[in-house]
Amino acid sequence: MNKLLLIIKREYLAKVRNKSFVIMTFLSPILMVAMVILIAFLTQLNDSEKQVITILNESDFFHNEFVITESTSYIDFKNMSLQQAIDSTVNLGCYGLLYIPDAATLQEITDKSFFYTKEAPSTSTLDKIEGIFKTRLQQNRLQELGVSKQDFLEVDKNYDINLSTFSGDINIKGFNEIRAFIGGGFGYLIMMFIIIYGGFVMRSVIEEKTSRIIEVIISSVKPFQLMMGKIIGTSLAGITQFAIWIFSASLLMLVVIFIFDIDPATFTGANPSMGAMSTVPDVSMMNEKVLALGVEIFKIPWVMLISFFLVYFLLGYLIYSSIYAAIGAAVDNETDTQQFILPVITPLMLAIYVGFFSVFNNPHGPIAVAFSLFPLTSPIVMLMRLSSGLGEGGVPIWQVVVSILLLIITFMGIVWFAAKIYRIGILMYGKKPSYKELYKWLKY
């Protein structure tokens, strides 16, 4: 036990004292915050570019429908031909020309209308123009049936059904997706930690093996102790680095927002402009929904979620880092690891993609349940499901218990297999291993 603690201490200090580790520990938060600010700035700059659209309207309709907004402005052309309007639009450098011809009926007018642009127009611009035409057509058809424009606006109001659980708690539309994203965020952190620091374990083993230091170390400790010491020591160094990243990045972001007076809505991509023909939202209703959403986010079982995150994080990392250690012991250089890495990271990638698609649509469906129980994917998928809660209305307790038990059993089995490969592989030189060769090592 004392030797294991010594190895853990040695691995931990070797990592945290490394110059590149220290530099990246303090440089990465700065780079992350700078990247977020740059993306927000570029998004805001892209959205701030105003589109100018010219209109040649030869009909008796669509005279007041095109309203100037923060993102779009319109120029009306009068008494000119279509070709003259196109030439003028090009010479002025405008985004496009909307041509509305004259015809006997509104339906014929809309059918013959064209939107001319230099290149394929953006979907958002088309949606605005098509929305105006669609609304005007609906109004015209209803007016022919005796419905006034004001009555149409009343009829066309958006409707959101009230949502509630059987126990009487208010539900928020789209909140399941928010919870799944939160759980997915935890799962993504686990995946990134495994890939980054599992690779550290593998490279550490390869370095000591190629420098023959391993031959001296193995004469004093058991291979299993050395392997576990490397895994635990590297994981502690990684946790230290992650904690510094989260704290310093959060603090730095708050400082930047305070100093430069940045609107937090910038980072969410919120657009204050409402677009043409949009009705003014009910501010009190929006405030109620925002308040309800805030309450629901606060009601997420954060303590439970973070607790299970630590459990699944620990077990998942131990499983995969044991595999990485075995791979490092089996090869002589990083080039030879490529044939073994893909089968290792495939379950992690599968868990992210399948987890998002299955948990979003049906968190208690057979696919979501199966992947949350399978040990190589459960650390990620189960966290996505646990964001909805535990017990009644959430993940059944028995599924969580079975998932953790399977992880523990799998960890013990993989560590046993990895240790057998490790104790032979660390002393093997000059021979590229194959899956057949690894199978032979398991028999020794």
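Position numbers for residues count from 1 along each chain, tracking the sequence in the order it is written. Totals for whole chains, interfaces and linings use all residues, but because this is a predicted model, local features are given only for residues with pLDDT of at least 70 and pairs of side-chain atoms are given and counted only at 80 or more. Values reported for side chains reflect all heavy atoms of the structure, with hydrogen atoms and water molecules removed beforehand.

K.L.:
Would you take a moment to explain the packing of helix α13 (residues 338-361) against helix α15 (residues 378-386) for this structure?
P.N.:
Geometry of a packed helix pair, given as the angle between the helix axes and the separation of the axes. Look at α13 against α15: their axes get within 8 Å of each other, and the N-to-C directions meet at 25°. One finds that α13 runs roughly parallel with respect to α15. By crossing handedness, the relation of α13 to α15 is classed as right-handed. Contacts from Leu348, Ala351, Ile352, Gly355, Phe356 and Val359 in α13 reach Ile380, Val381, Met384 and Arg385 in α15. The classification used treats Ala, Val, Leu, Ile, Met, Phe, Trp, Tyr, Cys and Pro as nonpolar, Asp, Glu, Lys and Arg as charged, and all other residues, Gly among them, as polar. When its residues are assigned to classes, the contact of α13 with α15 shows 8 nonpolar, 1 polar and 1 charged. Axis geometry follows a simple rule: fit a line to the C-alpha atoms, using only the stretch in contact for helices, then measure angles between N-to-C directions, giving values from 0 to 180 degrees. Numbered from the N terminus, helices here are DSSP runs of H or I no shorter than four residues, and strands are runs of E no shorter than two. Working rule for angles: under 35 degrees goes down as roughly parallel, over 145 as roughly antiparallel, 65 to 115 as roughly perpendicular, anything else as oblique. In this scheme the handedness of a crossing depends on how the near helix is turned from the far one: anticlockwise by less than a right angle means left-handed, clockwise means right-handed. Only heavy atoms enter the contact rule, under which two residues are in contact if any of them lie within 4.5 Å.

K.L.:
Which parts of the structure should I look at to understand the pattern of salt bridges?
P.N.:
Side chains bearing opposite charge may pair, as long as their charged atoms lie close to each other. Definition used for salt bridges: Asp or Glu carboxyl oxygen within 4 Å of a side-chain nitrogen of Lys or Arg. Tallied over the full model, the rule gives 4 salt bridges. Residues Arg10 and Glu11 are paired through a salt bridge, measuring 2.7 Å at the closest nitrogen-oxygen approach. Taking relative accessible area as the criterion, Arg10 reaches 38% and is therefore assigned partly exposed. Put simply, Glu11 and Lys230 hold a salt bridge, and the shortest N to O gap is 2.9 Å. Note that Glu11 is positioned in helix α1 (residues 2-16) and Lys230 in helix α9 (residues 223-260), a separation of 219 residues in sequence. Only protein chains enter the area calculation, which uses a 1.4 Å probe; residues under 20% of their type maximum are buried, those over 50% are exposed, and those in between are partly exposed. Overall, Glu11 belongs to the buried group, its relative accessible area being 2%. Given the relative accessible area of 1%, Lys230 is considered buried. Salt bridges sharing partners connect three or more residues here, namely Arg10, Glu11, Lys15 and Lys230.

K.L.:
How should I be thinking about the packing of aromatic side chains in this particular structure?
P.N.:
The relation between two aromatic rings is expressed through the spacing of the ring centres and the mutual angle of the planes. Pairing of aromatic side chains here covers Phe, Tyr and the six-membered ring of Trp, requires ring centres within 6.5 Å, and sorts the geometry by plane angle: under 30 degrees stacked, over 60 edge-to-face, intermediate tilted. Within the structure shown, the criterion is met by 14 aromatic pairs. With a centroid separation of 5.3 Å and 75° between ring planes, the pair formed by Phe193 and Tyr317 is classed as edge-to-face. Here Phe193, found in helix α7 (residues 175-210), pairs with Tyr317, found in helix α12 (residues 302-330); they are 124 residues apart in sequence, far enough to count as distant. In this structure an aromatic cluster arises from ring pairing among Phe186, Phe193, Tyr197, Phe200, Phe309, Phe313 and Tyr317.

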